[in-house]
Amino acid sequence: PPIMTGMGKCIGRLSVLLDYYPSAQFAGLHVAKRMGLFAKRGLELNLIAPPGAGGDEPQLVCNLQQAYDKEDGGCLASVPRLAVGTVEQNVLIPAVARGVAGKAFATVFQRSPLALGALPGTKLASAADMRGKTIGMHVDSLELMSSLLSLSGVAARVTQVQRAHKVQELLAGNVNAIQIYDCMEALELRDLLGEAPSILRLCDLATNAPEGRAIPLGYSQVIFGAKWALRPLAARAALTAFLEASAEGWQMAQANPAAAAAAILDDRAALGVVTGTKVDSVEFQQEALMRCLPYVMQTDDEKIGTINPEVWQKATYAMAITGYSPALVPQCNSLDTSLWKYSKECNQSANNSLITDGVQVSESMRKEATIRAGAFEMRVGRKPSLAIISVGKGHPHGQQRKTLFAQDERSWFNKAALCEAVGISPIEILLPENASFGAVHDAIQTLNQRADVDAIILQRPVPSTLDADVLGSYISAEKDVDDERRSSGYADGGELMASQGIFQESRDLQLDAALTGADEPLARPPTPPWLSSPAAVLPCTVVGVMHLLHRSSLINHVCEGLTVVVGRSPQLGAPLARELIKANATVVVCHSNTSFSQLRDLCLRADTLVVAAGSPGLITKDMVKPGALVINCGTTFCPDLKKLLPDVHDDVAHVARFVTPTPHGVGPTCAAALTLNTLTLAEAAARRRDLETRHKMTVSRELMRVADNVGSDIPKWSHDSCLRTDSPIIRRTFARASYRDASKLIADMTVLAERANHHPSFSINPSRTCEQEGGCDVVVELSTYSERAVTLADVAL
């Protein structure tokens, strides 16, 4: 490993891809570099000039990290070599939604300085002043500006301008306003024009959108890396040292702005960024720094550069529901809160041990559910809904457990209150104890068909005369909120759903491509790392456990060593083992046929032990490796003792580093997961309906366009649905004088169909009338079978 002269052993080599040229907005980094703060902490730092157009930084950083990994081990090397970058949150989130593996872990600016700049004297006080005007934006902000104007009800033209030429475009009158930062670029424009430009801050435009339809812009100059490179312990140590040095650099910059300005100019010269204007002066950079500091410095006791997860997620969901981001991105998929912790989210013990309370994690999940439910209601016009089917008296100890262990709005045994508390509408279906199998089946099928029902759960247990597994298998895969199909053995979760084309993902992606004019279908939207497919949901307990691991940063520990899962039930053990493997854990599964000696031996080797056996006290302290992480999922309720008995004996706490408590461990996260699963299904259904609506509108517009352009009889085709498949079709009846004429028409149409390799359905003389009395009709139906819809191929034919 390289040694840093006079500074001790090197702990990491970092390349930082800036999304703008060296300037006051990176003053902390420039000062830390000049003052040797990085070298002092054992870091080698390399600054990389920004790409030309911008917006590709997330992909470029991931590509760079992949190159480092192949070249010399990269993030896994003993001295890790890492690529990090800076970018707007409103650029990173859509990139992650498209499948780019970028993940934020800190920020430079606490709020966005994005603004519009116009010539002096231009009225620019609100969105209304942009009506009918042309606005020049960078390529990475085009969609953002369009969304802001759309929500404000303002019709304006948004066009792309190059960063290097946007001022010339403004001066030439080609655009009425341009994108700038309300710090350095505002000063540049002022010096060029000789007086202050008119400025409209986008954060003001966002928060003043009517009817509360706001887009929180989130954070600016977000510091991010490739998500896989944030896991190794050596890489995390290097990144933490980088953030510490940068924060100290900002404090120095605030204390001595003139020296900070000189450091900025040093790095500009090193990268060949010399303009020959006032920008190259200490005075300019010092003034720009003073305008940047309010965006950087926290107003409370937080460390410089921390990200509030709640603020982050609000901005993320706002981007998704307005269409700015192509898909919802869960917080754990876009933000690592463990590297540079936001202290108000921390609840660590005095010895800095790992988080042990599932209640705290469940509260974070409930916050997310509340945000998503509100966003769904704003987008769809109703609340998301969960249908809860109860047969008979329900769980024999449900009322007792609810009273002992959780409040109504947080209890698995009061799902209606649980849902209402986060903004989900519960639909309770209560059936009598003597309800027949047919009655329950009919209730499920009715709910499957209801458009206002997003998710369905069958309360267990059901009366002994009924088979819950078989009944659960009748819940539509699109609405199966607790993966009853897996539990029943009639499906294998995400794998079966994928094979059946669940939620018609292929169709959605092709529709997206057609509607956006893309040459290729859009990339599959990303998912939380524990989901098997974008539209599928896993059993609530599995989702709860994975949230516990990710949100409390335990997943890093799990991925470092051997994980043993005790139990292989289709509801918990088996799917949980698969999801841990997908999260890059090394997993061994023990089950009822594993001998006790084997079980004991494997448990003693486990760095992480997940117990889901349903056998109280099965795991004792002599079976646990000292310092291990122990997740207890299996519990048994004892009504006489009024206690939940865990699979893990109490004495395990004496040897393990971490043991989930019972109660208040996995249980609360399971209940919260029910709300998140409901929202995942509701959001998928809403997106599917949106695509279908957009598709129908596109086909209708294309029909009219063809009719206008070629004067054809296209409008005579009617929209309908196929009786057999219930898929959309277009239909037309052609009247012919005789059976012979009708046959010739079909033959002629068949020739055209063969050329297009697209074949209609024909019905000849469907009215069964005598041709001498009524002639002979030919009914032609067109639809694209593979898409189960009318497509432009049908229109063309």
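Numbers given to residues run from 1 along each chain, matching the order in which its sequence is written. Residues qualify for local features only when their pLDDT is at least 70, as the model is predicted, and side-chain atom pairs are given and counted only at 80 or more; totals for whole chains, interfaces and linings, by contrast, use all residues. The basis for every side-chain value is the complete set of heavy atoms in the structure, and neither hydrogens nor water enter the calculation.

Colleague: Quick question: what am I supposed to make of the pairing of strand E8 (residues 134-137) here?
Modeller: Two faces make up the sheet, and in a regular strand the side chains alternate between them. With burial as the criterion, each face of E8 is covered, one bearing Thr134 and Gly136 and the other bearing Ile135 and Met137. Two elements, E8 and strand E9 (residues 157-160), share four bridges in a ladder whose sense is parallel. When the sheet's bridge partners are listed, Gly136 is paired in E9 with Thr159. We treat two strands as partners when DSSP finds at least two bridges between them. A run of H or I in DSSP becomes a helix once it reaches four residues, and a run of E becomes a strand once it reaches two; helices and strands are each numbered from the N terminus. Relative to strand E10 (residues 177-181), E8 runs parallel, the two sharing two bridges. Directly across from Ile135, in E10, lies its bridge partner Ala177. Burial here depends on accessible area, computed with a 1.4 Å probe over protein chains only, as a share of the maximum for the residue type. Under 20% is buried, over 50% is exposed, and the range in between is partly exposed.

Colleague: What is the right way to read the pattern of salt bridges from this model?
Modeller: Close approach of charged atoms lets side chains of opposite charge pair. The salt bridge criterion pairs a side-chain nitrogen of Lys or Arg with a carboxyl oxygen of Asp or Glu, the two atoms within 4 Å. Inspection of every chain in the model, using the stated rule, returns 27 salt bridges. Shared partners join several salt bridges into a network, and the residues in it are Arg13, Glu71, Asp72 and Arg81.

Colleague: Any chance you could explain a nonpolar patch on the surface here in plain terms?
Modeller: Note that patches include only residues with greater than 30% relative accessible area and no salt bridge, and the join distances are 9 Å for like charges and 5 Å for nonpolar side chains (Val, Leu, Ile, Met, Phe, Trp, Tyr). Computed with the Shrake-Rupley method and a 1.4 Å probe, the accessible areas treat only the protein chains shown as cover for residues. Together, Leu119, Leu171 and Leu192 give the surface a local cluster of nonpolar side chains, amounting to about 260 Å² of exposed area. In this structure Leu192 comes out as exposed when scored by relative accessible area, which is 52%.

Colleague: What am I meant to see in helix H17 (residues 437-449) here?
Modeller: Since one α-helical turn is 3.6 residues long, residues separated by three or four positions face the same way. An ideal rise of 1.5 Å per residue puts 18 Å on 13 residues; H17 measures up with 19 Å between its terminal C-alpha atoms. Taken together, the buried positions of H17 are occupied by Val440, His441, Ala443, Ile444, Leu447 and Asn448. Seen from one end, H17 has its buried residues packed into an arc of 160 degrees, which puts them on one side. Residues are treated as being in contact if the distance between any of their heavy atoms lies within 4.5 Å. Considering only its buried residues, H17 is in contact with strand E13 (385-391), strand E14 (425-431), strand E15 (455-458) and helix H18 (468-472). Multiplying one less than the number of residues by 1.5 Å gives the expected span of a helix. Arc definition: it is the arc formed by the directions from the helix axis to the C-beta atoms.

Colleague: Is there a simple way to think about the packing of helix H9 (residues 233-255) against helix H11 (residues 282-296) in this case?
Modeller: When two helices pack together, their arrangement is captured by the angle between the axes and the distance separating the axes. The axes are straight lines fitted to the C-alpha atoms, using for helices just the contacting stretch, and the angles between their N-to-C directions are given from 0 to 180°. At a minimum axis distance of 11 Å, the contact between H9 and H11 shows a crossing angle of 135 degrees. Judged by the angle between their axes, H9 and H11 are oblique. In this structure, the crossing between H9 and H11 has a hand that is left-handed. Where H9 approaches H11, its residues Trp250, Ala253 and Gln254 are matched on the opposing element by Leu289, Leu293 and Val296. When its residues are assigned to classes, the contact of H9 with H11 shows five nonpolar, one polar and no charged. When describing relative orientation, an angle under 35 degrees is termed roughly parallel and one over 145 degrees roughly antiparallel, while 65 to 115 degrees is termed roughly perpendicular and anything else oblique. Helix crossings are classified by the rotation of the near helix relative to the far one: an anticlockwise turn of less than a right angle makes the crossing left-handed, while a clockwise turn makes it right-handed. When residues are grouped by polarity, Ala, Val, Leu, Ile, Met, Phe, Trp, Tyr, Cys and Pro land in nonpolar, Asp, Glu, Lys and Arg in charged, and all others, Gly among them, in polar.

Colleague: What am I meant to see in the packing of aromatic side chains here?
Modeller: How two aromatic rings sit relative to each other is given by the distance of their centres and the angle of their planes. Stacked, edge-to-face and tilted labels apply to pairs of Phe, Tyr and Trp rings (six-membered ring for Trp) whose centres lie within 6.5 Å, assigned for plane angles under 30 degrees, over 60, and everything in between, in that order. For the coordinates displayed, the defined rule picks out six aromatic pairs. An angle of 35 degrees between the planes, with centres 6.2 Å apart, marks the rings of Phe109 and Tyr181 as tilted. One end of the pair, Phe109, is in strand E6 (residues 102-109); the other, Tyr181, is in strand E10, and 72 residues separate them in sequence. On the basis of relative accessibility, which here comes to 0%, the residue Phe109 falls in the buried class. With centroids separated by 6.3 Å and ring planes inclined at 75 degrees, the aromatic side chains of Phe437 and Tyr474 adopt a geometry described as edge-to-face. With Phe437 in helix H17 and Tyr474 in the loop between H18 and helix H19 (484-488), this residue pair connects regions lying 37 residues apart in the sequence. On the basis of relative accessibility, which here comes to 33%, the residue Phe437 falls in the partly exposed class. The ring of Trp340 is capped by Lys303, whose NZ or CZ atom sits 4.1 Å from the centre of that ring. Any Lys NZ or Arg CZ found within 6 Å of a ring centre and within 35 degrees of that ring's normal is scored as a charge over the ring.

Colleague: Can you walk me through the nonpolar core in this structure?
Modeller: Generally speaking, a soluble globular protein has its nonpolar side chains buried in company with each other. Formed by 76 residues in total, the largest nonpolar core has its most connected members in Phe105, Leu116, Phe242 and Trp250. Apart from the residues within four sequence positions on either side, Phe105 is in contact with Val84, Ile223, Phe224, Gly225, Leu230, Leu239, Leu243, Ile307, Asp336, Leu339 and Trp340. By nonpolar core we mean a set of buried residues, namely Ala, Val, Leu, Ile, Met, Phe, Trp, Tyr and Cys, connected to one another through side-chain atoms within 4.5 Å.

Colleague: What should I look at first to understand helix H10 (residues 257-270) in this one?
Modeller: Between its first and last C-alpha, H10 extends 20 Å over 14 residues, near the 20 Å set by a 1.5 Å rise per residue. Every buried residue belonging to H10 is among Pro257, Ala260, Ala261, Ala263, Ile264, Leu265, Asp267 and Arg268, and all of these are buried. For H10, the secondary structure elements touched by its buried residues are helix H1 (27-34), strand E4 (43-48), helix H7 (184-193), H9 and H11.

Colleague: Help me understand the side chain of Ser390 in this model?
Modeller: Counting through the fold element by element, Ser390 comes out in strand E13. Contact partners of Ser390, with chain neighbours within four places excluded, come to Ile429, Leu430, Leu431 and Gln459.

Colleague: Explain the packing of H1 against H10 to me, please; I cannot follow it from the model alone.
Modeller: Relative orientation of the contacting elements H1 and H10 amounts to 85 degrees, with a least axis distance of 8 Å. One element, H1, and the other, H10, form an angle in the roughly perpendicular class. Residues Ala27, His30, Val31, Lys33 and Arg34 of H1 touch H10, and the partners they reach there are Ala259, Ala260, Ala262, Ala263, Ile264, Asp266 and Asp267. Residues that form the contact of H1 with H10 fall into these classes: seven nonpolar, one polar and four charged.

Colleague: I keep staring at the pairing of E10 and nothing clicks. Help me out?
Modeller: Where burial is concerned, most of E10 is hidden: five out of the five residues are buried. Bridging between strand E7 (residues 114-118) and E10 involves four bridges; their strand directions are antiparallel. From the neighbouring strand, Leu114 faces E10, where its bridge partner is Tyr181.

Colleague: Would you take a moment to explain the sheet that holds strand E17 (residues 586-590) for this structure?
Modeller: Through backbone hydrogen bonds, the strands of a sheet pair up, either in parallel or in antiparallel fashion. Within the open sheet, the five strands sit side by side as E17-E16-E18-E19-E22. Their pairing is parallel. The open sheet has two edge strands, E17 and strand E22 (658-659), and neither has a second partner. Two strands pair when backbone bridges link them, and strand E16 (residues 562-566) and strand E18 (residues 608-611) are joined in this way by four bridges, in the parallel orientation. Paired with Thr563 across the two strands is Thr608, which belongs to E18.

Colleague: What is the right way to read the confidence of the model for the protein from this model?
Modeller: Atom-level detail of predicted coordinates should not be read off regions where pLDDT is low. For the protein, per-residue confidence averages 79 on the pLDDT scale, and 78% of positions sit at 70 or higher. Across residues 1-6 the pLDDT falls below 50, and counting only partners more than four positions away or on other chains, this stretch makes twelve contacts in the model. Residue-level confidence of the predictor is what pLDDT reports, using numbers from 0 through 100. Scored below 50 in pLDDT, residues 706-714 shows nine contacts in the model against residues more than four places distant or in partner chains.

Colleague: It is not clear to me how the environment of Ala241 should be interpreted in this structure. Could you clarify?
Modeller: Among the structural elements, Ala241 can be located in helix H9. For Ala241, a relative accessible area of 7% translates into the label buried. With 203 residues separating them along the chain, Ala241 and Phe38 place their C-alpha atoms 7.6 Å apart. Not counting the four nearest positions on each side in its chain, Ala241 is found in contact with Ile11, Arg41 and Leu43.

Colleague: What's the story with unusual backbone geometry in this structure? I'm lost.
Modeller: Trans peptide bonds make up the majority, and among non-glycine residues the majority have a negative phi. Backbone torsion omega between Arg460 and Pro461 reads 0 degrees, so that peptide bond is classified as cis. Residue placement: Pro461 occurs in the loop between E15 and H18. Despite not being glycine, Gln221 has its phi angle at roughly 55 degrees, a positive value. Looking at the element boundaries, Gln221 is found in strand E12 (residues 220-226). Judged by its relative accessible area of 1%, Gln221 falls in the buried class. A positive phi is found at Asp483, a non-glycine position, where the angle reads about 55 degrees. Along the chain, Asp483 falls in the loop between H18 and H19. On the basis of relative accessibility, which here comes to 0%, the residue Asp483 falls in the buried class.

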